[in-house]
Amino acid sequence: MTLAVGSSRVRRAYAPGPYGQIHYRRSGPEGIRSPLLLLHSCPGSGYLFDGYLTEMGRDRSVIAPDFPGFGMSDAPPEAPGIEGYAAAILEFETVLGLGVFDVMGYHAGGVVAVEMARQQPNVVRKIVMISAPVFTAREREDINARFLVHTPDERAKAMDKSWPIFKSQFWKMGTDAVRTWNIYLDGQKNPEVSSWGLRAAVNYDLAA
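Now for a quick tour of the structure. (Residues numbered from 1 in each chain as written. Predicted model: local features only at pLDDT ≥ 70, side-chain atom pairs only at ≥ 80, totals over all residues. Heavy atoms only, no water.)

### Digging into helix 7 (residues 196–203)
Thinking step 1. Where helix 7 is concerned, the buried positions are Trp196, Gly197, Ala200, Ala201 and Val202.
Thinking step 2. Here the buried face of helix 7 lies against helix 2 (81–96), helix 3 (108–119) and helix 4 (137–146). (Buried < 20%, exposed > 50% of the residue type's maximum accessible area, 1.4 Å probe, protein only. Helix = DSSP H or I, 4+ residues; strand = E, 2+ residues; numbered from the N terminus. Contact = heavy atoms within 4.5 Å.)

### Points about the pattern of salt bridges
Thinking step 1. Using the criterion set out here, one finds 10 salt bridges in the structure.
Thinking step 2. Of the charged contacts, one joins Glu55 and Arg58 as a salt bridge, the two residues approaching to 3.3 Å between their closest N and O atoms.
Thinking step 3. The partner of Arg118 in a salt bridge is Glu115, with the nearest N and O atoms 2.7 Å apart. Residue Arg118 and its partner Glu115 are located together in helix 3, separated by 3 residues, close to a single helical turn.
Thinking step 4. In this structure Arg118 comes out as exposed when scored by relative accessible area, which is 56%.
Thinking step 5. Look at the salt bridges and you will find they share partners, linking Arg25, Asp50 and Asp66 into a network. (Salt bridge = Lys/Arg side-chain N within 4 Å of Asp/Glu carboxyl O.)

### Thoughts on helix 6 (residues 177–188)
Thinking step 1. With 12 residues, helix 6 extends 17 Å between its outermost C-alpha atoms, agreeing within 8% with the 16 Å of an ideal straight helix rising 1.5 Å per residue.
Thinking step 2. Listing the buried residues of helix 6 in full gives Thr180, Ile183, Tyr184, Asp186, Gly187 and Gln188.
Thinking step 3. Lining the buried residues of helix 6 we find helix 5 (152–170).
Thinking step 4. Sitting at the head of helix 6, Asp176 places a side-chain oxygen 3.1 Å from the backbone nitrogen of Val178.
Thinking step 5. One or two positions beyond helix 6, positive phi appears at Asn190, with a value near 50°. (Expected span 1.5 Å × (residues − 1). Polar contact = N/O pair within 3.5 Å; in protein donor to acceptor, adjacent residues only side chain to side chain.)

### Focus: the packing of helix 2 against helix 7
Packed helices, taken two at a time, are described by the angle between their axes plus the distance between the axes.
Thinking step 1. At a minimum axis separation of 8 Å, helix 2 and helix 7 run at an interaxial angle of 115°. In this view, helix 2 runs roughly perpendicular relative to helix 7, as classed from their interaxial angle. Taken together, the residues of helix 7 that come into contact with helix 2 (itself represented by Gly81, Ile82 and Tyr85) are Trp196, Gly197, Ala200 and Ala201.
Thinking step 2. When grouped by side-chain class, the residues that make up the contact of helix 2 with helix 7 number 5 nonpolar, 2 polar and no charged. (Axes fitted to C-alpha atoms, helices over the stretch in contact; angles between N-to-C directions. Parallel < 35°, antiparallel > 145°, perpendicular 65-115°, else oblique. Nonpolar A, V, L, I, M, F, W, Y, C, P; charged D, E, K, R; others polar.)

### Observations concerning the environment of Ile32
Thinking step 1. Mapped onto the elements of the fold, Ile32 is located in the loop between strand 2 (20–27) and strand 3 (36–39).
Thinking step 2. As a C-alpha pair, Ile32 and Asp59 span 27 residues in sequence and 7.0 Å in three-dimensional space.

### Some remarks on the side chain of Ser194
Thinking step 1. Looking at where Ser194 falls in the secondary structure, it is placed in the loop between helix 6 and helix 7.
Thinking step 2. By relative accessible area, which is 6% here, Ser194 ends up buried.
Thinking step 3. Non-local contacts of Ser194, meaning those with residues more than four positions away in its chain, are made with Pro43, Phe70, Arg155, Gly187 and Lys189.

### Section: the packing of helix 5 against helix 6
Thinking step 1. Here helix 5 crosses helix 6 at 135°, and the two axes come no closer than 11 Å. Here helix 5 lies oblique to helix 6, going by the angle between them. Two packed elements cross with a definite hand, and for helix 5 against helix 6 that hand is right-handed. Facing Arg155, Met159, Ser162, Trp163, Phe166 and Lys167 of helix 5, the residues of helix 6 in contact are Ala177, Thr180, Trp181, Ile183, Tyr184, Leu185, Gly187 and Gln188.
Thinking step 2. The residue inventory of the contact of helix 5 with helix 6, partitioned by class, reads 8 nonpolar, 4 polar and 2 charged. (Left-handed = near helix turned anticlockwise from the far one by under 90°.)

Structure, rendered in C-alpha cells:
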C-alpha cells in the first residue's frame, strides 16, 4: 500500500522472522526518501515511537519493529545477543524490501543499529543513536550481577516500587499518564526474556 505525501497514519502488521513473527508499526509514503527504521530500548516495544512515527511519516516510510521476544513479536528459544537481534532485524527488513535505509535506535536499539551496519554496511546508510551505552569492564560486572530472572509473581510484587520510579525518574518524555503506563507495561512483559536485550547491550563492546 502506497500513501500520498503528508499521510502519516500508523499501521500495524506482522512479518516472518527467524524466530517466528515480528510485529511492527509503519507509517508514511514509500519510495520518496530512504526508509527510516526505529529500534526501541529494552525492555520495551515499537510503541515507544508512536508519536514519532506520525511526525516522520509525513514524507518517508518509517518502520518500528518489536525485537524478537518483546512487544508482540515471537521470542527466540535462547538469548540471541546483539548479533542475533541485528541479524533478525536485517532479515526482517529484507522481507519488507526496504533496500538501503537509515536507523535510529534508543539505547539497546542503537547498539543493534551499529551491529546491523557492521554486518551489512551496504544497506545501513545512516545511524542516529539516542544514547550510546559504553561501559568499563567493572561496570559490566556490576550491572550483570544485578540481572535476575523474575517470576510473574515477583515482577508483580516489585511494581509497587518500580512504577513510581519509572514515571517520576526515568520516563520524562511527555505528560500523558496512560501512555507512560503502557510503555511501562511493555517493559514488564515476558519476564523470562525481558532482560536479554539490555544484558546484550551491556555486554556488547560498543567502544570497539
